[in-house]
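A structural walkthrough
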Amino acid sequence: MGRRHFGTDGVRGRVGEAPITADFVLRLGYAAGRVLAGQAAVRGVGGLGGAAASGRPAVIVGKDTRVSGYMLEAALQAGLSAAGVDVLLSGPIPTPAVAYLTRALRLSAGVVISASHNPYEDNGIKFFSADGNKLPDAIEAAIESALDEPVGCVVSRSLGRAQRIDDAAGRYIEFCKSSFPGSLDLRGLRLVVDCAHGAGYYTAPHVFHELGADVVPIGVSPNGLNINDGCGATEPAALQRAVLEQRADLGIAIDGDGDRVVMVDAAGRLYNGDELLYAIVRDRREREPVPGVVGTLMSNFGLEQALERLGIEFARARVGDRYVLELLQQKGWRYGGEGSGHLLCLDCHSTGDGTISALQVLSAVRRHGVSLAELCADLRMLPQTLINVPIERGFDWQGSVALCRAREDVERTLGDAGRILIRPSGTEPLLRLMVEAPDEALALQMATRLADAVRATA
């Protein structure tokens, strides 16, 4: 069955427009609850306190700081309760915290209300399985199918109950700290930490501070409307300015739901996910075998070349951290990620985590006693230009004659010295056009040529 509502990262869209409406999210909660209840009847359930004693499946629901989270949380809770599922409400907390708590509390599933790096007008719902991973495609398909059924209600004595868990943030902070080597600390480091006015506004600064760093927090005043607005991992200029102004050693920026990270060094130089992944893997390789690393079709060719020089195989997955994870699991490898800052260290967590990924980079810096620039000195990134072109939903970009001709022209110009990647976004009505070339000006020129062809026909 084809996906009707689930994209590469759950269900996402503009609030008030299908599918991100209160009535749909209530239906989604009920459908998910029905599927989870069916699984629980076969495998047994887990929960916390009354949830475990009730014999009902239990889920945790977390959210980021968008104002729409209040409405969607209530609708989701109502649907789950009507299906006979107990609900634990954590309040604003990073997406990877929900994945961790789902596993730690032995729950049936975790649910996150977030649109990640999107503006506040958007929101979404994504699910984690009991083991802290993204839901398998088969379970998503079952939920899609259950959405066709009318919303019902179990008998009153079987209704799900809801409770707040007050120590969710503290549990997650301790989990993050446990990923940092006990023999190291961050004393003497001045860090600017940009939390994008998002879900990590409380947890991330505490993690780095409790490990000894002098922390300058920014992006920690959410008002429901300012998430990702001119800050965070997707707009790192604010972090770069703050690092220079504060004369900090490093800057760390996560995105609105806390699963992405980028970093900035004392000179204001920005390091994206490809570079941070290289720093982590280079450090790991000196202490343990690293047979391979997974990137995506968007990963820089320079990363692939640098890893090959270290004797490490590199494989490319489809764009999206769920596909990186799937390929890692297939190959039995531990490390992978995307240039956007979604990094996976499966020896630390089951999913991408911006705070934990930053800690792995910091541990490499501390262990080697070098700067981040020195740690990445052997990595030569190929200039890469990405242009996102808005398109109408359903636009047949593959059938566009103008784009086809432009692509052929660009491929002839680049030859074997570069590459092109054209793909639709899995979460937004955008066509992503990426060009890698030996020269930055040439990459921009070629990407612009492709973008102009799309704009002329889209």
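Heads up: the structure comes first, above all this text.
Residues numbered from 1 in each chain as written. Predicted model: local features only at pLDDT ≥ 70, side-chain atom pairs only at ≥ 80, totals over all residues. Heavy atoms only, no water.

1. Some points on the layout of surface pockets
By volume, the second largest pocket is sized at about 160 Å³. Forming the boundary of the second largest pocket are Lys-63, Asp-64, Thr-65, Arg-66, Val-67, Gly-69, Tyr-70, Pro-92, Tyr-201, Pro-222, Asn-223 and Gly-224. Among the residues making up the lining of the second largest pocket, the classes are represented as five nonpolar, four polar and three charged. (1 Å grid on protein atoms, 1.4 Å probe; cavity = no way out; pocket = protein on both sides within 12 Å on 5 of 7 lines; lining within 4 Å. Points joined across faces, edges and corners; volume = space filled by probe spheres on them. Nonpolar A, V, L, I, M, F, W, Y, C, P; charged D, E, K, R; others polar.)

2. A short note on the sheet that holds strand E1 (residues 11-14)
Spatially, E1-E5-E4-E2-E3-E6 is the arrangement adopted by the six strands of the open sheet, whose pairing is mixed. A single partner strand is all that each edge strand has here, and the edge strands are E1 and strand E6 (162-164). Adjacent strand axes in the sheet meet at a mean angle of 20° when their direction is disregarded. Along the sheet, helix H3 (residues 69-82) makes contact with strand E2 (58-63), strand E3 (86-92), strand E4 (109-113), strand E5 (122-129) and E6, crossing E2 at roughly 170°. Where helix H4 (residues 95-104) meets the sheet, its contacts fall on E2, E4 and E5, and the angle it forms with E4 comes to roughly 165°. (Pairing = 2+ DSSP bridges. Helix = DSSP H or I, 4+ residues; strand = E, 2+ residues; numbered from the N terminus. Axes fitted to C-alpha atoms, helices over the stretch in contact; angles between N-to-C directions. Contact = heavy atoms within 4.5 Å.)

3. A short note on the packing of helix H7 (residues 203-210) against helix H12 (residues 354-368)
Packing of H7 against H12 leaves a shortest axis separation of 11 Å and a crossing angle of 25°. In this view, H7 runs roughly parallel relative to H12, as classed from their interaxial angle. Along this stretch, H7 crosses H12, giving a crossing that reads as right-handed. Each of Ala-204, Val-207 and Phe-208 in H7 lies in contact with H12, whose residues at this interface are Thr-355, Ala-358, Leu-359 and Leu-362. Split into classes, the residues belonging to the contact of H7 with H12 amount to six nonpolar, one polar and no charged. (Parallel < 35°, antiparallel > 145°, perpendicular 65-115°, else oblique. Left-handed = near helix turned anticlockwise from the far one by under 90°.)

4. Digging into empty space enclosed by the protein
Counting across every chain of the model gives two cavities of 30 Å³ or more. Quantified by volume, the largest cavity comes out at close to 40 Å³. If you go around the largest cavity, the residues you meet are Phe-6, Asp-9, Gly-10, Lys-126, Phe-127, Lys-134, Leu-135, Glu-140 and Arg-322. Considered class by class, the residues forming the lining of the largest cavity number three nonpolar, one polar and five charged. As a volume, the second largest cavity reaches approximately 30 Å³. Lining the second largest cavity, in full, are Leu-343, Cys-345, Cys-348, His-349, Thr-351, Gly-352, Asp-353, Ile-356 and Ser-357. Among the secondary structure elements, those contributing two or more residues to the lining of the second largest cavity are strand E15 (343-345) and H12. Considering only residue class, the lining of the second largest cavity consists of four nonpolar, four polar and one charged.

5. Remarks on the sheet that holds strand E18 (residues 430-436)
Ordered by their spatial adjacency, three strands build an open sheet running E16-E18-E17, and the pairing between neighbours is antiparallel. Each edge of the open sheet carries a strand with a single partner, namely strand E16 (384-390) and strand E17 (419-424). If you compare each strand with its neighbour and ignore which way they point, the axes differ by 15° on average. Relative to E18, E16 runs antiparallel, the two sharing seven bridges. Residue pairing across strands places Val-389 opposite Leu-431, the latter belonging to E18.

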